[in-house]
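# Coordinates in review
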Amino acid sequence: MKTQVAQPEIAHTHTTDLVTWIHLGYVLVFTFFAYSPALSAAFLNWDDVPYVVENPVIRQWSLLNIKRIFTEYTFGNYHPLTILSLSVDYALGKLNPQVYHCTNILLHLGNTALVFLLVRKLNPFSLTALICAILFGLHPIHVESVAWVAERKDVLYTFFYFWALFCYVRYTREQKTSLYVYTLVLFLLSILSKAMAVSLPLILLAIDYLLKRKIFSRTVLLEKVPFFLMALFFGLVAIWAQKASQSIVENDPWNFAERIVLASYAFVQYLMKLLCPLQLSAIYPYPEKSGQWIPLIYVTYVLAVLLVGGLVLYSVKFTRTYLFGFLFFTASVCMVLQLLPVGRFIMADRYTYIPSLGVFWIMAVCFQKIVSGFSSHRKFIIGLGFVYLALLAAGTYRQSTLWKDDLSLWNDAVQQYPDFSEAYNLRAHARIKHNDTVGAYADFDKCIVLDGANKAGYYGSRAGVKASVKDYVGALKDYSLAISFADSTKMYASSLYINRGAVYAELKNFSAAFTDFERAAHLPIVDPDFFLNRGILFLESEKYTEAIADLNQAIFREPNSKEAYYHRAEVYYLQEKVHLALMDCNQAIKIDAAYAKAYNLRGLLEAKIEQFQKALSTFSDAIEADPLLAEAYYNRAYLNQSLGLTETVCEDMKQAYKLGYRSEAAYMQQICPN
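The model shown is predicted, which means the values in this text are computed figures rather than measured ones.

With that out of the way, let us pick up the overall build of the protein chain. Scanning the protein chain from N- to C-terminus turns up 32 helices and 0 strands. What you see for the protein chain is a C-alpha radius of gyration of 29 Å, in line with the 26 Å of a compact globule of 674 residues. Judged by the C-alpha coordinates and their principal axes, the protein chain covers about 90 × 60 × 50 Å. Taking the intrachain contacts of the protein chain between residues at least 6 apart in sequence as the baseline, contacts between residues at least 24 apart amount to 69%. For the protein chain, the computed accessible surface area is about 30900 Å², with 61% contributed by carbon and sulfur atoms. Across the protein chain, the mean location of the 59 positive side-chain charges is 10 Å away from that of the 55 negative side-chain charges.

Below, the structure written as structure tokens:
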């Protein structure tokens with residue numbers, strides 16, 4: 001028997017005229033303009049590099065990569081459709097950030113349109129739907145989700161999420177099995193884009209409540225079983241993924257009662273920032289403890305949550321509308337209130353992307369009621385509404401400009417939180433990217449002063465910068481300081497010994513290097529790249545048998561390690577085992593189709609077996625993959641010179657020299673005197 005669905009008490013006649021759709025078009029145009037600064041933004045070191053710039057699985061559509069996308073975690077998450085979408089962008093524009101930003105903005109525009117369609121199905125007033133769409137499209141708190149390439153998962157999972165809700169509302173009215181199936185499939189697509197979609201079954205129940213369906217009837221409950229089972233399964237997958245990447249905080253300094261207080265603080269802060277989006281930031285630090293307890297001022301946020309909840313429950317005497325909006329917000333935000341602590345920050349703007357619609361729903365309904373109830377002041381009230389929207393649009397435009405590069409973003413974070421060490425740490429890494437090592441050192445110094453508990457990490461980071469600019473003495477000093485402060489039970493302690501060993505190797509002090517690797521090997525938790533790094537050390541010290549043994553072990557532990565295959569190919573090359581080296585080079589390229597060093601080595605191997613034309617083509621592939629690989633230019637020039645193809649030899653040699661290749665400077669000068 002079909003369930004009879006009562007219409008919500010707010011039912012009126014739809015105003016389905018052309019003007020409403022034109023207004024929606026204006027909303028989408030204004031939204032695009034507000035986010036337009038993001039189109040010129042660069043990739044950020046903050047997750048964009050591992051997700052896109054250095055992610056080999058997005059660079060080639062192959063069965064191996066598709067299998068990896070659907071069977072492996074990606075940086076503590078399982079979201080295969082998100083990675084597939086980034087792969088499509090790579091196919092369209094390689095590493096042009098504008099392509100990725102354009103896709104994010106288009107998805108946000110699609111989500112804004114879906115908000116309009118969804119709310120229009122739930123509430124027959126077109127104005128309510130239009131206001132929700134405007135608020136969703138233009139609110140500055142959504143900039144993080146849209147302007148940050150790594151947050152593709154946010155805009156993508158939301159697209160399927162809202163579409164699923166739209167199909168579900170239609171299903172409740174039309175009772176077509178096909179619409180139920182569409183809802184279930186779209187939920188699966190959403191959850192494969194981001195695990196936060198597990199909240200959707202709760203939102204379906206909230207919609208049932210709004211539409212006065214009999215929530216506890218057998219039919220309605222059975223409808224939800226597949227959704228809850230899917231949410232449970234993928235929720236567990238998400239937790240396993242977070243644990244595998246060590247993202248879930250161990251030895252949590254906050255007890256459960258304090259976690260409730262912190263969750264209340266985040267809950268209220270999200271509400272406040274949705275109403276008045278001031279002091280938005282890419283990071284929000286946890287409060288400092290007052291002795292052994294959280295500062296008492298934070299307890300007031302628990303009272304605030306209870307007060308808001310009480311007012312909403314009281315409103316049920318008159319309407320279901322406000323409780324629906326409150327349930328929508330609460331059910332979708334509760335997953336990220338840090339009751340299960342993940343990451344380093346108490347809040348994140350991106351966590352409000354879907355939950356915000358619940359608040360916008362309440363704001364839109366309230367605005368419509370105010371306009372209707374104070375008809376004599378209608379123009380003034382609407383004018384204030386336009387001023388509010390203009391301020392939102394201006395805030396979004398400004399916030400989008402902050403996300404143009406790492407330095408702008410972290411300068412803003414430091415300005416807002418001058419006593420938060422992580423803001424300086426992130427800015428230090430941004431300064432490294434901009435070749436400002438002096439500024440990076442200053443920021444690491446500030447971190448060490450502000451956060452004595454994490455001195456090991458900051459000294460280690462500063463040592464890494466010094467090693468990258470060949471200040472090996474300074475790097476050794478900092479690594480030694482880091483080791484002296486390190487907790488030997490943590491994996492990073494093993495990494496510190498390995499990194500110091502690598503510096504010793506650069507100084508040709510192989511005895512000290514191997515000593516550090518031995519120390520790393522005997523710690524409770526060993527760096528997963530231990531065998532790879534020790535294999536490289538054996539290679540550099542010309543201990544080829546030991547190098548092969550370690551690199552074999554590295555490949556056994558991580559079959560998709562392109563670096564392990566590449567370095568094993570180097571060993572085989574030095575051992576004159578050309579065919580084995582070629583096989584490893586090809587495997588490295590299969591894993592990462594843009595692995596320039598592997599192409600360069602393969603070119604050398606092909607030249608060695610006199611496949612000269614193939615070698616020239618492979619050197620060109622290396623240059624295409626990395627135009628800054630000086631050695632590839634030299635190798636192509638040398639081979640062309642040897643074959644008597646001198647037309648481009650000097651051009652390649654000059655480019656190699658310009659990029660810093662000096663190993664054969666005398667020969668280069670002899671061939672190209674000028």
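Looking at the secondary structure, you find Leu426 in helix α18 (residues 421-433). Accessibility expressed as a relative area gives 11% for Leu426, which makes it buried. When the C-alpha positions of Leu426 and Pro627 are compared, they lie 28 Å apart, and in sequence the two are 201 residues distant.

Time to look at a nonpolar patch on the surface. A contiguous nonpolar surface patch, about 650 Å² in accessible area, is contributed by Leu18, Trp21, Ile22, Tyr26, Val29 and Phe30. Mapped onto the fold, Tyr26 is located in helix α1 (residues 18-35). For Tyr26, a relative accessible area of 48% translates into the label partly exposed.

Right, let's talk about unusual backbone geometry for a bit. With a phi angle near 55°, Gln175 is a residue other than glycine that sits in the positive phi range. Turning to its location among the elements, Gln175 is positioned in the loop between α8 (152-174) and α9 (177-191). Residue classification places Gln175 among the buried residues on the basis of a relative accessible area of 16%.

The next thing to look at is the packing of helix α5 (residues 97-122) against α8. Taken N-terminus to C-terminus, the directions of α5 and α8 make an angle of 20°; their axes are 9 Å apart at the nearest point. What the angle tells us is that α5 and α8 run roughly parallel. Crossing handedness for the pair α5 and α8: left-handed. Residues Tyr100, Thr103, Asn104, Leu107, Gly110, Asn111, Leu114, Val115, Leu117, Leu118, Lys121 and Leu122 of α5 form the contact with α8, whose own contacting residues are Arg152, Val155, Leu156, Thr158, Phe159, Phe162, Trp163, Leu165, Phe166, Val169, Arg170 and Arg173. Broken down by class, the residue content of the contact of α5 with α8 amounts to 15 nonpolar, 5 polar and 4 charged.

Think of a disulfide as a covalent bridge from one cysteine sulfur atom to another cysteine sulfur atom. Overall, the coordinates contain 1 disulfide when judged by the stated rule. In this model Cys650 forms its disulfide with Cys672; the gap between the sulfur atoms is 2.1 Å. Sign of the S-S torsion, about -100° for the bond between Cys650 and Cys672, identifies this disulfide as left-handed. In this pair, Cys650 is assigned in helix α31 (residues 649-658) and Cys672 in the segment after α32 (665-671), connecting sequence segments 22 residues apart. Cys672 sits in the buried class, given a relative accessible area of 7%.

What follows is about the packing of helix α13 (residues 299-315) against helix α14 (residues 321-333). The angle between the axes and the distance between the axes are what describe a pair of packed helices. It is at 7 Å that the axes of α13 and α14 come closest, and there the two elements cross at 140°. Looking at the two axes, α13 sits oblique to α14. In terms of crossing hand, the pair formed by α13 and α14 is left-handed. Of the residues in α14, those in contact with Val308, Gly309, Val312, Leu313 and Ser315 of α13 are Tyr322, Leu323 and Phe326.

A few words on the environment of Ile58. As for its position among the elements, Ile58 is in the loop between α2 (48-53) and α3 (63-71). Those residues in contact with Ile58, other than ones at most four positions away along the chain, are Tyr51, Val52, Ile83, Leu86, Ser87, Tyr90 and Tyr100.

One finds Trp46, Phe162, Leu165 and Trp403 to be the most contacted residues of the largest nonpolar core, which totals 209 residues. When residues in this core are grouped by element, the largest group, 12 residues, is from α8.

A separate point is the pattern of salt bridges. Using the criterion set out here, one finds 32 salt bridges in the structure. Residue Asp89 pairs with Arg152 through a salt bridge whose shortest N-O separation is 2.6 Å. Here the residue Asp89 occupies a position in helix α4 (residues 80-93), and Arg152 occupies one in helix α8, the gap between them amounting to 63 residues. With a closest N to O distance of 3.1 Å, Asp478 and Lys466 form a salt bridge. Of this pair, Asp478 sits in helix α21 (residues 472-485) while Lys466 is found in helix α20 (residues 455-468), placing the two residues 12 residues apart along the sequence.

Okay, the side chain of Asn600 next. Tracing the backbone through its elements, the reader meets Asn600 in helix α28 (residues 596-608). There is a polar contact of 2.9 Å between the side chain of Asn600 and the side chain of Asn635. Dropping the residues within four chain positions of it, Asn600 is found in contact with Phe619, Ala622, Leu629, Glu631, Ala632 and Asn635.

A word on α13. Spacing of three or four residues puts side chains on the same side of an α-helix, whose turn is 3.6 residues. Taking 1.5 Å as the rise per residue, α13 with 17 residues should run 24 Å; its terminal C-alpha atoms sit 25 Å apart, in good agreement. All buried positions along α13 are accounted for by Tyr301, Gly309, Val312 and Ser315. For α13, the buried positions fall inside an angular range of 120° around the axis, keeping them on one side. Residues of α13 that are exposed and angled more than 90 degrees away from the buried face: Leu303, Leu306, Leu307, Leu311 and Leu313.

Below, the discussion takes up the packing of aromatic side chains. One pass over the full model with this rule turns up 35 aromatic pairs. Ring geometry for Phe530 and Phe531: centres 5.3 Å apart, planes at 80°, overall edge-to-face. Each residue in the set Phe136, Tyr157, Tyr161, Phe162 and Tyr353 is aromatic and connected to the rest through ring pairs, giving one cluster. The aromatic ring of Tyr441 is capped on one face by Lys466, whose charged end is 5.5 Å from the ring centroid. The ring of Tyr657 carries Arg662 above its face, with NZ or CZ at 3.7 Å from the centroid.

Compared with an ideal rise of 1.5 Å per residue, which puts 14 residues at 20 Å, α21 spans 20 Å between its outermost C-alpha atoms and is within 8% of the ideal. Three or more residues of α21 are buried, namely Tyr472, Gly474, Ala475, Leu476, Asp478, Tyr479, Ala482 and Ile483.

Turning next to the confidence of the model for the protein chain. On average, residues of the protein chain score 88 in pLDDT, and 95% of them reach the 70 mark or higher. Counting contacts from residues 1-15, a segment whose pLDDT is below 50, to residues more than four positions away or on other chains yields 36 contacts.

One can find Arg427 in helix α18. Among the polar contacts made by the side chain of Arg427, one reaches the side chain of Asp443 at a distance of 2.9 Å. Aside from chain neighbours lying at most four places away, what touches Arg427 is Leu407, Trp410, Asn411, Val414 and Asp443.

Okay, the environment of Phe367 next. With respect to the helices, strands and loops of the structure, Phe367 is situated in helix α15 (residues 356-373). Exposure remark for Phe367: the relative accessible area of 23% places this residue in the partly exposed category. Residues Phe367 and Thr128, 239 residues apart in the sequence, show an inter-C-alpha distance of 8.5 Å. If we skip the residues at most four places from it in the chain, Phe367 touches Ile131, Ile381, Ile382 and Gly385.

Each value, and the rule that gives it
Residues numbered from 1 in each chain as written. Predicted model: local features only at pLDDT ≥ 70, side-chain atom pairs only at ≥ 80, totals over all residues. Heavy atoms only, no water. Helix = DSSP H or I, 4+ residues; strand = E, 2+ residues; numbered from the N terminus. Rg over C-alpha atoms; globule rule 2.2 N^0.38 Å. Contact = heavy atoms within 4.5 Å. Areas by Shrake-Rupley, 256 points an atom, 1.4 Å probe, with all protein chains shown as cover. Lys, Arg positive; Asp, Glu negative; His and termini not counted. Charge placed at Lys NZ, Arg CZ, Asp CG, Glu CD. Buried < 20%, exposed > 50% of the residue type's maximum accessible area, 1.4 Å probe, protein only. Patch = residues over 30% accessible without salt bridge, like charges linked within 9 Å, V, L, I, M, F, W, Y side chains within 5 Å. Salt bridge = Lys/Arg side-chain N within 4 Å of Asp/Glu carboxyl O. Axes fitted to C-alpha atoms, helices over the stretch in contact; angles between N-to-C directions. Parallel < 35°, antiparallel > 145°, perpendicular 65-115°, else oblique. Left-handed = near helix turned anticlockwise from the far one by under 90°. Nonpolar A, V, L, I, M, F, W, Y, C, P; charged D, E, K, R; others polar. Disulfide = S-S within 2.5 Å. Core = buried A, V, L, I, M, F, W, Y, C linked by side-chain atoms within 4.5 Å. Polar contact = N/O pair within 3.5 Å; in protein donor to acceptor, adjacent residues only side chain to side chain. Expected span 1.5 Å × (residues − 1). Arc of directions from axis to C-beta. Phe/Tyr/Trp six-rings, centres within 6.5 Å; stacked < 30°, edge-to-face > 60°. Lys NZ or Arg CZ within 6 Å of the ring centre and 35° of its normal. pLDDT = per-residue confidence, 0-100.

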